[in-house]
Amino acid sequence: MSLNEEGIKNLLSNTDSFISHVFWFSEELPNPPGKGHYGTAINYVDIQERKDDFLRELRNTICNWVYSKARYSELFDKELEKRGLDPQNAASHIESLAKKKFRRDAHQGQFGELLLFNFLQYFFRAPPLLRKMPITTSSGMERYGADAIHYKPNGKDNVFYLGEAKAYTSKYQFNTAFREAVSSIIKTYEGLQDELLLYIYDEFVDVELQIIAEHFKEGILENTKIELVCLISYNESKSINGANEPIIKENIRRVILDRCRDVDPNIFQRIDNNIVERFHYIIFPFWNFDTILNSFAS
């Protein structure tokens, strides 16, 4: 059982405007070991970092993170009726509600989770199976498990993407963030069945994916595969200054590849190699990360 390509496409958020302000590349690397390696950063145009554009478009994805298309449509119709059929007023109200779900005491972690939400859809074309933002902000639910669980059919396979995001603003914390992301995604993988049992019968699973989630939990979903995605966003200290855009982007690429090359292989020593081969890494360095976060939260 799976949705067809058109059904999945209808569940995906449009990430094009956000991604246009992200510089990214992919490489096949021997270290860290895994299936996929993505380098990402705020985009540059000439020698100017497009920080404000990046933050604006990232904020614009909050509503998609919080509400599925069906849930948004339901809320919009209710607000439209309340507000004299004024669509702009109704849309502004819903977007305001979504942004209020960001807790100022947790915006660093939620910033990383919002990035992860967008990248899982853009890089893997996988919409969210389980929406964690409403769980995180619900007074009646305890925060538990994965930062993201997304799903995509791929031929005969039913592929689930478990995501973990780590964000560190302190200097020289890449290795710490990387180690904790790997540790967390393993715990997520091992606790997945309990997490699905906790949430799949609530409103946090998109209606179109409810049957898939239930069959996955019951062990009757055929050709199931689980992929593990770690997003590491951190404060970078190495200079990327350059005389033009290509040089700056090549410097960003070099910095990310250097960080990957220096990852301690002992991190994976006690992890089954069959699991390690399911790892995907998204590395996102920021320069003056604390300033970026403060601007995002303001």
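Our structure is the block above this text.
Asks: Would you mind showing me how to read unusual backbone geometry here?
Replies: Trans is the prevailing form of peptide bonds, just as negative phi is the prevailing case for residues other than glycine. Look at the link from Asn31 to Pro32: it is a cis peptide, with omega at -5 degrees. Looking at where Pro32 falls in the secondary structure, it is placed in the loop between β1 (22–27) and β2 (36–42). A positive phi angle, close to 60 degrees, is found at Asp46, a residue other than glycine. By the secondary structure assignment, Asp46 is in the loop between β3 (44–45) and β4 (48–49). Positive phi, normally seen in glycine, also occurs at Asn288, with a value near 60 degrees. Along the chain, the position of Asn288 falls in the loop between β9 (279–286) and α14 (289–297). For Asn288, a relative accessible area of 53% translates into the label exposed.

Asks: It is not clear to me how the sheet that holds β2 should be interpreted in this structure. Could you clarify?
Replies: To summarise the sheet geometry, strands pair through backbone hydrogen bonds and adopt either a parallel or an antiparallel arrangement. Taken together, the 7 strands give an open sheet; going across it, the order is β1-β2-β9-β8-β7-β6-β5, and neighbouring strands pair in mixed fashion. With partners counted over all chains shown, the strands left at the sheet margins are β1 and β5 (128–130), one partner each. In this sheet, adjacent strand axes meet at a mean angle of 25 degrees when their direction is disregarded. In the sheet, strand β8 (residues 224–235) pairs with β9 via 8 bridges, with the strands oriented parallel. Residue Tyr234 lies in a different strand from β9, and its bridge partner there is Pro285. Strands β1, β2, β8 and β9 of the sheet are contacted by helix α12 (residues 245–261), whose axis makes an angle of about 50 degrees with β1.

Asks: Explain empty space enclosed by the protein to me, please; I cannot follow it from the model alone.
Replies: If a probe as big as a water molecule is rolled over the atoms, it shows which places are left empty. Here the structure, examined in full by the defined rule, presents 2 cavities of 30 Å³ or more. Estimated volume of the second largest cavity: approximately 40 Å³. For the second largest cavity, the full set of lining residues is Phe25, Glu27, Leu29, His37, Tyr38, Gly39, Ile256, Leu257, Cys260 and Ile283. Those elements that provide at least two residues to the lining of the second largest cavity are β1, β2 and α12. By residue class, the composition of the lining of the second largest cavity is 7 nonpolar, 2 polar and 1 charged.

Asks: Got a minute to help me understand α12 in this structure?
Replies: Each α-helix turn comprises 3.6 residues. Residues three or four places apart therefore point the same way. The end-to-end C-alpha separation of α12 is 24 Å, in line with the 24 Å expected for 17 residues at 1.5 Å each. Residues Ile248, Lys249, Asn251, Ile252, Val255, Ile256, Leu257, Asp258, Arg259 and Cys260 constitute the buried set of α12. Check the buried side of α12 and you find it contacts β1, β2, β3, α9 (174–190), β8 and β9. You can read the cap of α12 off the contacts: a side-chain oxygen lies 3.0 Å from the backbone nitrogen of Ile247, and it is on Asn244.

Rules of the game
Residues numbered from 1 in each chain as written. Predicted model: local features only at pLDDT ≥ 70, side-chain atom pairs only at ≥ 80, totals over all residues. Heavy atoms only, no water. Helix = DSSP H or I, 4+ residues; strand = E, 2+ residues; numbered from the N terminus. Buried < 20%, exposed > 50% of the residue type's maximum accessible area, 1.4 Å probe, protein only. Pairing = 2+ DSSP bridges. Axes fitted to C-alpha atoms, helices over the stretch in contact; angles between N-to-C directions. Contact = heavy atoms within 4.5 Å. 1 Å grid on protein atoms, 1.4 Å probe; cavity = no way out; pocket = protein on both sides within 12 Å on 5 of 7 lines; lining within 4 Å. Points joined across faces, edges and corners; volume = space filled by probe spheres on them. Nonpolar A, V, L, I, M, F, W, Y, C, P; charged D, E, K, R; others polar. Expected span 1.5 Å × (residues − 1). Polar contact = N/O pair within 3.5 Å; in protein donor to acceptor, adjacent residues only side chain to side chain.

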